[in-house]
Amino acid sequence: MPEEWRNSLPESEPDRSRHISDFIAGMTDRYAIARYREVVGPVEMPEGF
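Residues numbered from 1 in each chain as written. Predicted model: local features only at pLDDT ≥ 70, side-chain atom pairs only at ≥ 80, totals over all residues. Heavy atoms only, no water.

Details of the packing of aromatic side chains
Using the following cut-off: Only Phe, Tyr and Trp rings take part, Trp by its six-membered ring, and two of them pair if their centres are within 6.5 Å. Stacked means planes under 30 degrees apart, edge-to-face means over 60, and tilted covers everything else. Buried residues are those whose accessible area, probed at 1.4 Å on protein chains only, stays under 20% of the maximum for their type, while exposed residues exceed 50% and partly exposed ones sit between those limits.
Inspection of the entire model under this criterion finds two aromatic pairs. When the ring of F23 is compared with that of Y31, the centres are 6.3 Å apart and the planes differ by 75°; the resulting orientation is edge-to-face. Residue F23 is classed as buried on the basis of its relative accessible area, which comes to 11%. Its relative accessible area of 28% is what places Y31 among the partly exposed residues. Site record: aromatic cluster; members linked through ring pairs are W5, F23 and Y31.

Side note on a nonpolar patch on the surface
Short version of the rule: Like charges within 9 Å and nonpolar side chains (Val, Leu, Ile, Met, Phe, Trp, Tyr) within 5 Å are joined into patches, using only residues over 30% in relative accessible area that form no salt bridge. Note on areas: Shrake-Rupley, 1.4 Å probe, and residue coverage restricted to the protein chains presented here. Within this document, salt bridges are pairs made up of a side-chain nitrogen of Lys or Arg and a carboxyl oxygen of Asp or Glu, the two lying within 4 Å of each other.
On the surface, M1, I20 and I24 cluster together into a nonpolar patch covering about 230 Å² of accessible area. For M1, a relative accessible area of 32% puts it in the partly exposed group.

Quick word on the side chain of H19
So the rule is basically this: Only DSSP runs of H or I with at least four residues qualify as helices, and only runs of E with at least two residues qualify as strands; both kinds are numbered from the N terminus onward. Here a polar contact is taken to be a pair of N or O atoms separated by no more than 3.5 Å, where protein atoms must pair a possible hydrogen donor with a possible acceptor and residues adjacent in sequence count only if both atoms sit in side chains. Contact definition: two residues touch when any of their heavy atoms are within 4.5 Å.
As for its placement among the helices and strands, H19 is situated in helix α2 (residues 15-25). A polar contact of 3.1 Å, which involves the side chain of H19, links it to the backbone oxygen of W5. Those residues within four positions of H19 in sequence are excluded, and the remaining contacts are W5, S8, L9 and P10.

Considerations on the pattern of salt bridges
On inspection of all chains with the given rule, the structure shows two salt bridges. Its salt-bridge partner being R18, residue D22 comes within 2.9 Å of it at the nearest N-O pair. Here the residue D22 and the residue R18 both occupy positions in helix α2, the gap between them amounting to four residues, near one helical turn. Classification of D22 by relative accessible area gives partly exposed; the value is 37%. The class of R18 is exposed, set by a relative accessible area of 55%. Across the salt bridge formed by R35 and E38, the nearest N and O atoms sit 2.6 Å from each other. With a gap of three residues between them, R35 and E38 both fall in helix α3 (residues 29-39), about one helical turn apart. When its relative accessible area of 27% is taken as the criterion, R35 is described as partly exposed. The class for E38 is exposed, based on a relative accessible area of 57%.

Function-wise, these values are silent; they only describe arrangement.
The following block contains the structure:
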């Protein structure tokens, strides 16, 4: 999660969980794959990604 999103995390539930889920819901496939590669490493994808 980018710093700007982390810095605006609410302190209490359920607002905190909602903030995190909104971030995840807004991810495109390509964005999620790019972040995964940054954190975990290479991932094999089907042709077209």
